[in-house]
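So the chains spell out like this:
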Amino acid sequence: MTDDKEDPAVMTQDGPGTTYAAAGVSIDAGDEAIEKLKPWASKASRPEVLSGIGGFAGLFKLKLDRWKEPVIAASTDGVGTKIAVAQALDVHDTIGIDLVAMVVDDLVVSGAEPLFLQDYIAVGKVVPDKIAALVKGIADGCVKAGCALLGGETAEHPGLMADQDYDVSATGIGVVEADKVLGPERVRPGDVVIGLASSGLHSNGYSLARHVLLDIARMPLEGQVEEFGRTLGEEMLEPTRIYAKDCLALAADADVRTFAHITGGGLVMNLARVIPPGLTAMLDRGTWTPAPVFALIGHRGRVEREELERTFNMGVGMVAVVSPEDVDRALAILTARHVPAWILGEINAADADAPRAVLRGDHPRF
């Protein structure tokens, strides 16, 4: 029998007591992780930030004289099972970009400028280098979005999560002038729907994508895929495109009625959320060809088109509804910002109980 005094996880009357580390939580590893992530977190800042990493709360000085009637916007999201691909490949510095994209691009749908973001990382065991890689990605995403990373939390959950497991979420805060809030009430018949290309799968539908490509097709993540010109893992870990600055630039210089962030539920369901009763967005599949990854999932998994379209973005990551007079201006702005964009459809008058968005036609070469 093992002597209790030799087991640090057992409390005895005459020997050393147990420790937090023996129970699975390492304060030292947590401190090391904080030191490793500080250089990355410091890159994602704004002049309004008053606090550094490590405090009990992040401080952000809101300069109210910049707005006449500011409206605060808030959004919370995660990345979903895309994390399983990152874990399988031991590549973690892009997941943070995905996280920021999912949060800030929900904020800009209302016209709000993202101000700051706070992250939450739950892990089975703190591995400082892995935490630093995650935060590097979050900081990179914040820089792309123009917002500050205002601290966060890393929580170690031994016994609840396996050592290698982690999950991430974040909350973002933005602000928009009250008279410039975008939304369904601005949409009119004759408005034009512009599609902004996605960078790939983004961060939705990975349960289906993994089931088809990894379980059914048994494709190795490290294997080269001719259609992609790179490995399957590289395709699946392609970071979500962050549209925040592009959308804000578009709203500043063109008559934008609303945006729709195309995430879980696909193009039709998400666009329908910003179309009011009595109007229908008529969308034409013939205006774009989805990226090869969507066709591969459909073919290898025998997934019907309707199922693909309600699961994935199918190549459209963001939608802008603009006035017909400003279509050319809007497309020129997006082109100048190197965002692939095209006319996707138009807004038509309809019965009050008609679908808010409809896809018609066929994709070329899909």
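Residues numbered from 1 in each chain as written. Predicted model: local features only at pLDDT ≥ 70, side-chain atom pairs only at ≥ 80, totals over all residues. Heavy atoms only, no water.

Student: Please set out the sheet that holds strand β10 (residues 316-322) residue by residue, giving values where relevant.
Tutor: The strand order across the open sheet built from 6 strands is β8-β10-β5-β11-β9-β12, with neighbouring strands paired in mixed fashion. At either margin of the open sheet sits one strand with a lone partner, and together these are β8 (256-261) and β12 (357-360). The average angle at which neighbouring strand axes cross in this sheet is 25°, direction not considered. Along the sheet face, helix α7 (residues 244-253) touches β8 and β10 and points at about 165° away from the line of β8. Against the sheet, helix α11 (residues 327-336) contacts β5 (192-197), β10 and β11 (341-349), and its axis sits at roughly 10° relative to β5. (Pairing = 2+ DSSP bridges. Helix = DSSP H or I, 4+ residues; strand = E, 2+ residues; numbered from the N terminus. Axes fitted to C-alpha atoms, helices over the stretch in contact; angles between N-to-C directions. Contact = heavy atoms within 4.5 Å.)

Student: Outline empty space enclosed by the protein, supporting the account with residue identities and numerical values.
Tutor: Under the criterion given, the structure shown has 2 cavities of 30 Å³ or more. Within this model, the largest cavity holds a volume of roughly 40 Å³. If you trace the largest cavity, you find it lined by Val123, Lys125, Val127, Lys130, Ile131, Asp163, Gln164, Asp165 and Tyr166. Considering only residue class, the lining of the largest cavity consists of 4 nonpolar, 1 polar and 4 charged. The calculated volume of the second largest cavity comes to roughly 30 Å³. (1 Å grid on protein atoms, 1.4 Å probe; cavity = no way out; pocket = protein on both sides within 12 Å on 5 of 7 lines; lining within 4 Å. Points joined across faces, edges and corners; volume = space filled by probe spheres on them. Nonpolar A, V, L, I, M, F, W, Y, C, P; charged D, E, K, R; others polar.)

Student: Tell me what's going on with unusual backbone geometry, and back it up with residues and numbers.
Tutor: If you check the backbone angles, Arg218 has positive phi at about 55° while not being a glycine. When you line up the elements, Arg218 lands in the loop between α5 (206-216) and β6 (224-225). Although it is not a glycine, His338 sits at a positive phi angle of roughly 65°.

Student: Just give me the short version of the pairing of β5, but keep the residues and values in it.
Tutor: Side-chain positions along a regular strand alternate between the two faces of the sheet. Along β5, 6 of the 6 residues are buried, which leaves the element largely enclosed by surrounding structure. Neither face of β5 is open: one carries Val192, Ile194 and Leu196, the other Val193, Gly195 and Ala197, and all of them are buried. Alignment of β5 against β10, held across 6 bridges, turns out to be antiparallel. Paired with Val193 across the two strands is Val321, which belongs to β10. Of the strand pairs in this sheet, β5 and β11 are connected by 5 bridges, and their pairing is antiparallel. Residue pairing for β11: Leu196 is matched across the bridge by Ala341. (Buried < 20%, exposed > 50% of the residue type's maximum accessible area, 1.4 Å probe, protein only.)

Student: Can you break down α11 residue by residue, with the values?
Tutor: Every buried residue of α11 is accounted for by Val327, Ala330, Ile333 and Leu334. For α11, the arc enclosing every buried residue in end-on projection is 130°, short of the 170-degree limit, so these residues lie on one face. Exposed and facing more than 90 degrees away from the buried side of α11 are Asp328, Thr335 and Ala336. Those residues of α11 hidden inside the fold are in contact with β5, α7, β10 and β11. (Arc of directions from axis to C-beta.)

Student: Hey, could you go over the confidence of the model for the protein for me, with residue numbers and the actual values?
Tutor: Model confidence for the protein is summarised by a mean pLDDT of 89, while 86% of its residues fall at 70 or above. Every residue in residues 1-12 is under pLDDT 50, and counting partners more than four places away or in other chains gives 16 contacts. (pLDDT = per-residue confidence, 0-100.)

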